[in-house]
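Analysis of the macromolecular model
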Amino acid sequence: MSAPSRSALLLSGLLAAAGAAHFVAPKGFDAIVPKALPGDPRRWTRLSGVAEVALAAGVAHPRTRRLAAGLTGAFFVAVFPANLQMAADWRDRSAVRRAVAYGRLPLQVPLVAWAESVRRGAGRAS
């Protein structure tokens, strides 16, 4: 297996696991849904979980990998406000929890870069 394929499958696995977690343990995700979003936070949790599972499937399949990896990068940017919400909400928590919340913020950059790397590695031929 080539390095680009291996990277794509690892990204797909991360997305699938994160997407599944939205359904297995939704309360933590509900809590970080930005308050500015309309409606029930659980709806947003489910929608983002479905999106992650769909992106995982797209990244896993070579024919859809390029498009899905590009959409994955956009998704990682789109969910950044949830990480900001978590950091704001956890500013009065223990030092460990604050470190987790604040540590998530810069992690979006390598995730976006990873998705872009997978997109570029997918090539243009089907």
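Residues numbered from 1 in each chain as written. Predicted model: local features only at pLDDT ≥ 70, side-chain atom pairs only at ≥ 80, totals over all residues. Heavy atoms only, no water.

Moving on, we get to the environment of Asp-40. Within the secondary structure layout, Asp-40 lies in the loop between α2 (26-31) and α3 (41-60). Looking at Asp-40, the relative accessible area reads 48%, which means it is partly exposed. Separated by ten residues in sequence, Asp-40 and Asp-30 have C-alpha atoms that sit 8.6 Å apart. (Helix = DSSP H or I, 4+ residues; strand = E, 2+ residues; numbered from the N terminus. Buried < 20%, exposed > 50% of the residue type's maximum accessible area, 1.4 Å probe, protein only.)

Per the UniProt record, "transmembrane region" (unreviewed entry) is annotated on residues 67-88. What you have in residues 67-88 is 95% helix and 0% strand, and the ends, taken at the C-alpha atoms, are 33 Å apart. (UniProt positions renumbered as here; feature names shortened; annotations may be inferred.)

So, about the UniProt feature "signal peptide" (unreviewed entry) in the chain. Listed under "signal peptide" (unreviewed entry) in the UniProt record, and renumbered for this structure, are residues 1-23. Overall, residues 1-23 shows 91% helix and 0% strand. The separation of its end C-alpha atoms is 31 Å.

Within the element layout of this structure, Ala-60 appears in helix α3. On a C-alpha basis, the gap between Ala-60 and Ala-25 in space is 24 Å, while along the polypeptide they are 35 residues apart.

The next thing to look at is the packing of aromatic side chains. In total, this model carries one aromatic pair according to the counting rule given. Centre to centre, the rings of Phe-75 and Phe-76 are 6.3 Å apart; their planes meet at 55°, and the pair counts as tilted. The class for Phe-75 is buried, based on a relative accessible area of 13%. A residue is classified by how much of its surface remains accessible, and Phe-76, at 4% relative accessible area, is buried. The positively charged end of Arg-43 is found above the aromatic ring belonging to Trp-44, 4.9 Å away from the centroid. Against the face of Trp-90 rests Arg-97, its NZ or CZ located 5.5 Å from the ring centre. (Phe/Tyr/Trp six-rings, centres within 6.5 Å; stacked < 30°, edge-to-face > 60°. Lys NZ or Arg CZ within 6 Å of the ring centre and 35° of its normal.)

As a further point, take the packing of helix α4 (residues 65-78) against helix α6 (residues 95-121). Close contact between α4 and α6 brings their axes to 8 Å; oriented N to C, the two are set at 165°. Compared by their axis directions, α4 and α6 come out roughly antiparallel. The two elements α4 and α6 meet at a crossing, and its hand is left-handed. Touching Arg-65, Arg-66, Ala-69, Gly-70, Thr-72, Gly-73, Phe-76 and Val-77 of α4 are Gln-108, Leu-111, Val-112, Ala-115, Val-118, Arg-119 and Arg-120, all from α6. (Axes fitted to C-alpha atoms, helices over the stretch in contact; angles between N-to-C directions. Parallel < 35°, antiparallel > 145°, perpendicular 65-115°, else oblique. Left-handed = near helix turned anticlockwise from the far one by under 90°. Contact = heavy atoms within 4.5 Å.)

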